[in-house]
Structures are given as structure tokens and as C-alpha cells.
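# Reading the structure
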Amino acid sequence: MGTTYISFWYRRSSRAVFLLIRQLSGTAVHMLSEIYFCMTCQSAVTPVVSGEYASRDRSRMAARISFSQYRLEAEIERCRAECQWDKIPTLVEQLVSARIHEDDDYGNLLLAEALLEECLQENMALLRSSTPLTETDQPKLAKARAHLSAILNRGRLEPRYMNEALLLMAKLQYVQGRYRDAQGMCARAVLDDLTRDEQPLYHLRLLAEACVIKGLSLDHQAVSAASRVRLSERQEECLSCYLRACDAALLYLQELDKTVSVPQKGTKMNLSLGVDFDLGFFQLAALQSAYLSLLHKGHLAQGAHQLRRVLRAVDSRGSQSFRKAAARRLAEVLLSSVSEDSYWDPLSPPPLAWLNREGAAAPKDMLYPSSRPPQRYGTESVFCPQDVVEEAILLLLISESMASGDAVISRAPEHREAREASLQDATSVYDLLSIAMARRGQYAMLSECLERAMKFSFNEFHLWYQLGLSLMACGKGAGAVSVLKECSKMRPDDPTVPLLAAKVCIGQLHWLEEGEALAQSVVAMGDRAAELLPRAHLAVGLCRSLRATDATLKASRDEFNRMALESLKRAQELDPQDPQIALYLSLQLALTRQVSVAMEPLQTALSLRGDDLHSLHLLALLFSAQKHHQHALDTLGLALSQHPESFSLLFTKVKLEEVLYGPATALRTCEDMLQLWHSRYDYVRTSDTDESSSLPEPAPLSRKPSGLHLTLPDFQDCETRSQSAASIAASRLEQAMSEVSAISSAHRQGPAHIWATLEHIWLQAGELFMEEGRVKEAQFCAQEAGALFPASHSVLLLRGQLAEMRGLEAEAKTLYDEALTIHPGGYRILLHLGKLLVRMGRVSLGEKVLRDAVQAQSTAHEVWSGLGEALQSQGSSQAPDCFLTALELEASCPIRPFTVIPREL
């Protein structure tokens, strides 16, 4: 009975220890070996067994052999689970030397698997291209087939190992292009045995590979076109195999991640499974085939649902590269195929409308549930995207973080292929990020992402160019020019890059010398610049025209104007059908007061693009310069019918109405402009937008109405108004003052030009009120404008004019001095200050200031007239010349300066 008890205990304890050893390795195995050896020795010497020393020796030796076998088999299972095929031959030699499994073909099975897997690792490129492998070119494949054929013919293995041999043969048949034979091998194998509890970890890998091989084999086999029912059944069978393979592969990677032992004090960590664990071809196919099959069939909703299921699985180190690719693919599907209205959140199944279009009643994972699903993250208290762009951006930011972390930075020749692969992977992510963030206007965030890519993008034009464009879009002009210069060095024969840099220099930065140099570099290319050569001459002409406007010396201004005209004429000679070149040639002629000559190229521009805003505006200004104010107003009416929200046109309309109909009519247009500004730009941001999305809209301002009404004030004397009208004026004053406090207290959001436009409206209204002699209303307008920009020189100028109207000359001078400090080159400030000084009796100083005004703007007839008055008061003989110059300039002076037409590429 004692012997029976010992035998029973030995069998039970051996089985428990064996299950434990499969999860241990290294130091832990040796520690368990000592414990187990002591346990078996104590059992051997117990009096219950026998008192004979020979029996005790045999028992001790049997225990040692049994434990050596368990430890060796556990090490083999670990290597098979972790795909360490280079260690298998050494372990097989240990099996042979220990005479373990000497009566079967277990060692040959291990060698066949190792040879087959090494062959597959060496031919990944051929496998990805579905090129069959041949035994003549692959000696390892031939040896593996020989071993497996012998094993299956002899049949000396246990059913469990025979099952494994069938699956290995199915894999070998598949890579050789024998898909029907591979399917037959999978059919002979009992896959359900691989899903039982307490099975080795590598069985999950075999299960995933077997399912995907079966599905791929079915996909490769041709079916008669007449057998639609059979085709549908085969597609469903393939999909069920893919779904089962995906779940098994995810579970395998999760369980494999747990086998990395946590180091104890004084021990070494088992680093057999590193972070850079590479998935084999069939493991990767098991993870990807389900969603790739659905997407290939056009089942976008089910494919996106499968991708979301995969990404919700608990992460493991072995699946990181796959998850990066899956996240990128899901973002691609969302951006290309899912609209804002048809979006559904990640935690919900696809809408029935999508499923019905795809011919499905429910998602496939519900129709084919897995017996052992992988672990997935919980859904409680988790962030959930609210729209398709938000989810795509979040996915791509995760992918970008992984791609930039995995990028190969080394420039060594042996790392060239890995570096190119990682760069291509990262580039695809950044391209999708550019698309997604452009939809939201998140150019600043995009530029930050692309800046992180610079560490592995040496001499990579595409990523540098994307960075330059993103910096342009987010308003970082200086950085954009620097990046585009580097791009130009990478592609010196590409004229687009320096022209883009010149565009930024002209528009955003006003670096005119730099912009001209960049444009001249394109001009120097000559015929190599092809169709961009005229644009280069245009850029040179614009830079010179702007430099003429900025010049303080008349000689320099005239020289720049002459060179600008030459460049623009050369541009039109090269491309007479470009409406923008014709427009700017006409504008340059107008700036030099050649009004009649400017009409011809402008007519060319309008014939090529009749609805162009700036061309119609320039035409109105040219009519006003010829004193055809009614024609100019009619032209503006036509332009406003096509561009009703153009404030620039409306400001010109105000000036023309003031001349034709008086300030009262122009004030009505100003009030319309205030209402238009209010309807377009509501400065009160709503809080619900910020709460519903973690990625706020970059639009300048919310379009939701705030309830405010911007109206012009009306403060008439009670003697000239009725009591009812006075009450209305008082209520409007109270309402307007509340608007002022609302604007000043609110944080201004959006581009500065929006608020500059509102300031300009108030200043224009203030000037009109002054024309009518309504000082209180003008003061209110100045107060409104000052609430927006307290340090604005235009506001200080208006306040100075108001002080003059009230007879406060000292206060007016102080305000003009402050305005001049902020804007020293403002000719209107100099004009009013100079005339004020003359009236105050400081004629010499007034003359000096007026001469500075002439120097600042030599084409303004007002400053010449003011200078003439100052000289006349001194009895100077130069006064008549100044008056004649003023008359000559006034004859060709537009209602607004020609410089209101923007000069940009």
C-alpha cells in the first residue's frame, strides 16, 4: 500500500511540477530543480517504501531522469512558443543524448518545424508577394518535407504530436502553392484539441496559423462562376477562419507577453521576448486577414468594426507593430469612406443602414463568436471620440508616436533597408495626419508632429516640404522660409520651392529683399523654370513695387517703380494669358498715376477673369481717379453682387457715397457693415463646443449668434428731436455701451484682421460723424475702436481730430505725438500735426513736419496742399509750386489709395 501511495503522489506531483516548469526558465528552473530533487529524495528514503538501498538508488535515479525530461520539454515548449528556432537543434541533441522519445519521431518533428520556420523567415518577401517556394531553391524546405513525410508515413507519434505534424505539413503545402493539399491537411487535423485548457502556449500559435492557412487556401482556390451559393458559402467560411485566427493570435501574443519573468533581487531578467518581437508571416496574416478581407469586399463598416475590435484588445509587446499598422489603416478608412453624418462611435456596432448595404444582418464577430476570445480593455470611464476626424487624428497621433519611436536613425550602410522601411512607414502616417488635421485647420499641431520627424528625415524632401507647408499654413513664416530653403537645397532644379518661400516673404513677413532674391533665383533658371518663369518675374515685380511703397527717398521710390514695371511687363510678355500678371501690371501703372494707361492691362485681366474681386475693385478705383464717381459706384455694385461680404469693397462704397450723396447715406452703409461683421464673426465662444470635443475647431470664431447687435449711436440734441426719438436714442446708447463692455471683457479670439476690420468700421463711422459735426457720436465710435486696440495710431489720430473740433489744440497735439510715436511714417498723422502747428503759430516746425509728410507719401495731394499753406503763411515763393503739384495729383487721386489692393502671389 505504501508503494501505491508513493506512486500516486509521484504522478500527481510530477504533473503539477510539469505544468509549472512550462512557465519558468533560467534561475527559477534551477531553484525548482533543487526543491523537487529534495522532495523526491525524501520520498525515496522513507521507511514506507523499503529498507533496501538498491531500491532507493533506482527511485532516486528515476526521479532525476523524469525531472530532466520535464525540464527539457518545458524548455522546448518555451522556445516553440517564443519562436526561437535557432535553439531547437541543440535541444534535440539533448533529447537524443538523454534517450528521451527514442521510440518515436518527436525529435524529427522539432527539426522539421525549425527548418520550415527558418526558411519562411528567410523568404518573407516572396511570401508577401504570394510567390510559391520550391524545394530546389530552398534546401531547408526540402529537409522539412522529408522529415514530415517520414513522420506521417510511420505514424509513431502520439495523437497530439501527429496533429502538430499535420498542421506543419499544411503550412509547407501552402507556401509551395498547393492550396488544395493544404486545405486537406487542415481538415485532417483536429483543431479543437488546440483550444483545450492546460495546452502549451505554442498551441495557440498553431491554432491561429492553421485557421488563417485554411482561410487563405480557400481564397486561392477557384470556384465556378455559376456556383454563386457555393461561392458565398466559401467566403463565409473564409471569414470565419480569419476571425478565429485573429482572436487566437491576439490571445497568443497576450499570453506570450506574460511569460517574460519579473526579475527578483539578485537574478537576471529573461529577455528572450524583447520589445522588438517580430511577427512571422502567418502570425501577421492571422491578425490582418479578417479586416483586409472585409475591406477588399467593400464592407467598410464591418472592416472598421473589426479594426476597432483588434485595437481594443489588451496590448502586448509583440503586437505593437501590428497595432500601429491597424491604427493607420482604420484612420485611412475613416477619412476616405466615413462622413461626419454617418459616423458611429467606437463602442457601438455599425449602424443597420451600413450593414444592410453590405448584405449583413449583424457584425461577423457576433455570427462567429470565439471559444477563447482575447482580453479586451473595459469601456467604463474611457474617452470616446465624438466625430470621425477626431477619432482619425487620435489614431494617427498614436501611430505617429510609435512610428517616430521605432524609426531607424543610424546612417550605416547595413541599416539602409531598415531605415527606408521605417521612413516609409512614418511618411504614410504623416501624410494621413496632414489630411486629417487640414480638415480641422490644426496646422500648428501638424507642424509640431512633423518637427519630431526631422530627427530621422535627413535629406528627405517630402517630409521637409510638408513641414514647410504646415508652417506656412499656421502663420510661422520665418520657420517656413528656413525649411523651404533647405528643401530648395535638396531639389535645386525645382522652381516651386523658392517661389513658395518668396510668397511667404512677400505676404506674411514683408521680407522684400529676401523675397526678391528667392524669386531672382528662379529667374536665373531660365527655361528650366518652364511655366513658373512668368510667376518668378511677377514675384520680382511685386517685391520691387512694395519696396517703392516703403522707400523714403523719392529717387529710390522712382527707381523701384521703374524696375517693378519692367519686371511686370516681362512677366506679361512671357504669359499674356495670366490674369494676375495683367492685374498687377495695371496696379503698378496706377500707383505711378498712369491712370489711362492702366486701363488696358486691366481690361485684359477682366476679360480673362471677369469676376475677380481685386480686378473689379481696381476698376472702380481707376474710375474714381478719373472723377467718374457714379461709374465707380456702379462697378462696386456689380462687384458686391458677386462678393457681398467683401469689407474692402464696402469701405470704398462708403467713400463714394460720401462724395455723391453725403455722410448720412454713407453712415447707413457703415451700419450695414457692422451687421455684416456681426453675422460673420461672433466673438462669443460657446462652451458646449469646447466640452464636446478635445480637438477644438480652429475656425476664427464661432458662427452661433450671441444676441448682440452692433449699431451706430444716435445722440441728437433734444431741441431738434421729439421726446420719443430722444428715448430711442437713449436706449440705443445704453445698448451700445453694453456692447462695448462685452467686447472689452471678452478675450478676442481668431485672426487679428477680423478685429482690425471692426476697428476700421468704427473709425470710418467716426470720420463721417465728424463730417456731419456730430461730435458725441464720433467720440463714441473712437471709444469703440479704442476698446479693441487701445494703442492703435488710427484711434489716436481720430481722437486728436475730435480734440481739434472741440478747440483743445494742446490735447490734440499730445494725441498726434503719441500716434506718431507708434507709427512714425504715417503721412496722415504728419499732415494733421503739421497743419495744427501752423495754426498754433509754430509755422517753421509745422513746415518741417509737412515736409516729412511729403517725403512719406509724395503722391498725396493733401500734404502738398498743407505744405503750400505753410509756405504761403511765411511768404515763400515755393508755395505756388506746391499748390500746382497738389492740383495735378488731385486730378488723378482715387477715392481710396491704390495700395488697398493687396500685392501678393
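Preceding this paragraph is the structure being described.
Note that the structure is predicted; figures quoted are calculated from it, not measured. (Residues numbered from 1 in each chain as written. Predicted model: local features only at pLDDT ≥ 70, side-chain atom pairs only at ≥ 80, totals over all residues. Heavy atoms only, no water.)

## Quick look at helix α19 (residues 443–453)
Going by this rule: Under the scheme applied here, a residue whose accessible area is under 20% of the maximum for its type counts as buried, over 50% as exposed, and between as partly exposed, the area being computed with a 1.4 Å probe on protein chains only. Here a helix means four or more residues in a row that DSSP labels H or I, a strand means two or more in a row labelled E, and each is numbered from the N terminus. Directions drawn from the helix axis to the C-beta atoms are what define this arc. Here a residue-residue contact requires only that any non-hydrogen atoms of the pair lie within 4.5 Å.
For α19, the complete set of buried residues consists of Leu-446, Ser-447, Cys-449, Leu-450 and Ala-453. Mapping the buried residues of α19 onto a view down its axis gives an arc of 160°, with all of them on the same face. Against the buried residues of α19 lie α17 (388–406), α18 (416–440) and α20 (461–473).

## Topic: the side chain of Gln-764
Summarising the element assignment, Gln-764 is placed in helix α34 (residues 752–771). Classification of Gln-764 by relative accessible area gives buried; the value is 4%. Residue contacts for Gln-764: discarding those within four places in its chain leaves Phe-651, Val-654, Lys-655 and Cys-670.

## What to know about the pattern of salt bridges
Keep this limit in mind: In the sections that follow, a salt bridge refers to a side-chain nitrogen of Lys or Arg positioned within 4 Å of a carboxyl oxygen of Asp or Glu.
Across all of its chains, the model carries 51 salt bridges by this definition. For Arg-309, the salt bridge is made with Asp-247, and the minimal N-O distance between the two is 3.6 Å. In this pair, Arg-309 is assigned in helix α13 (residues 300–312) and Asp-247 in helix α11 (residues 228–258), connecting sequence segments 62 residues apart. Ionic pairing is found between Glu-847 and Arg-851, a salt bridge with its closest N-O pair at 3.0 Å. In this pair, Glu-847 and Arg-851 both sit in helix α39 (residues 843–856), 4 residues apart, roughly one turn of the helix. The network of salt bridges with shared partners includes Glu-77, Arg-80, Glu-113, Glu-117, Arg-160, Glu-164, Lys-171, Arg-205 and Glu-209.

## Thoughts on the packing of α17 against α18
Filter applied, for reference: In this analysis an axis means a line fitted to C-alpha atoms, helices contributing only their contacting stretch, and an angle means the value between N-to-C directions, from 0 to 180 degrees. Every angle not falling under 35 degrees, over 145, or within 65 to 115 is termed oblique; those three ranges are roughly parallel, roughly antiparallel and roughly perpendicular. Throughout, a crossing is termed right-handed when the near helix is turned clockwise from the far one, and left-handed when it is turned anticlockwise from it by less than a right angle. Amino acid classes used here: Ala, Val, Leu, Ile, Met, Phe, Trp, Tyr, Cys and Pro are nonpolar; Asp, Glu, Lys and Arg are charged; the rest, including Gly, are polar.
Remark: α17 packs on α18, axes separated minimally by 9 Å, with the N-to-C direction vectors making an angle of 155°. One finds that α17 runs roughly antiparallel with respect to α18. Our pair here, α17 against α18, has a crossing hand that is left-handed. Residue-level inspection shows Val-389, Glu-390, Ile-393, Leu-396, Leu-397, Ser-399, Glu-400, Ala-403, Ser-404 and Asp-406 of α17 in contact with α18, the latter providing Ser-422, Ala-426, Val-429, Tyr-430, Leu-432, Leu-433, Ala-436, Met-437, Arg-439 and Arg-440. Of the residues assigned to the contact of α17 with α18, the class counts are 12 nonpolar, 3 polar and 5 charged.

## Notes on empty space enclosed by the protein
Let me state the cut-off plainly: Here a cavity denotes grid points, spaced 1 Å and computed from the protein atoms alone, that fit a 1.4 Å probe unable to get out, and a pocket denotes an open set having protein on both sides within 12 Å along at least 5 of 7 lines; residues with an atom within 4 Å of a point are the lining. Grid points are joined across faces, edges and corners, and a volume is the space filled by probe spheres set on the points.
All told, the structure shown has 3 cavities of 30 Å³ or more when counted by the stated rule. Looking at the largest cavity, its volume works out to about 60 Å³. If you trace the largest cavity, you find it lined by Thr-195, Leu-204, Leu-207, Arg-244, Asp-247, Ala-248, Leu-251, Ser-370, Ser-371 and Arg-372. When residues of the lining of the largest cavity are traced back to their parent elements, those giving at least two are α10 (202–220) and α11. Broken down by element, the lining of the largest cavity gets its largest block of residues, 4 residues, from α11.

## Notes on helix α12 (residues 281–296)
Helical geometry: 3.6 residues make up each α-helical turn, so side chains three or four residues apart lie on a common side. Operational definition: Each residue after the first adds 1.5 Å to the expected span of a helix. The bend at a residue is defined as the angle formed between two axes, one fitted to the seven residues ending at that residue and one fitted to the seven starting there.
Relative to the 22 Å expected for 16 residues at 1.5 Å per residue, α12 spans just 19 Å between its end C-alpha atoms, considerably shorter than the ideal helical length. The sharpest bend along α12 comes to roughly 50°, located at Gln-288. The buried count for α12 comes to 13 of 16 residues, which makes it a mostly enclosed element.

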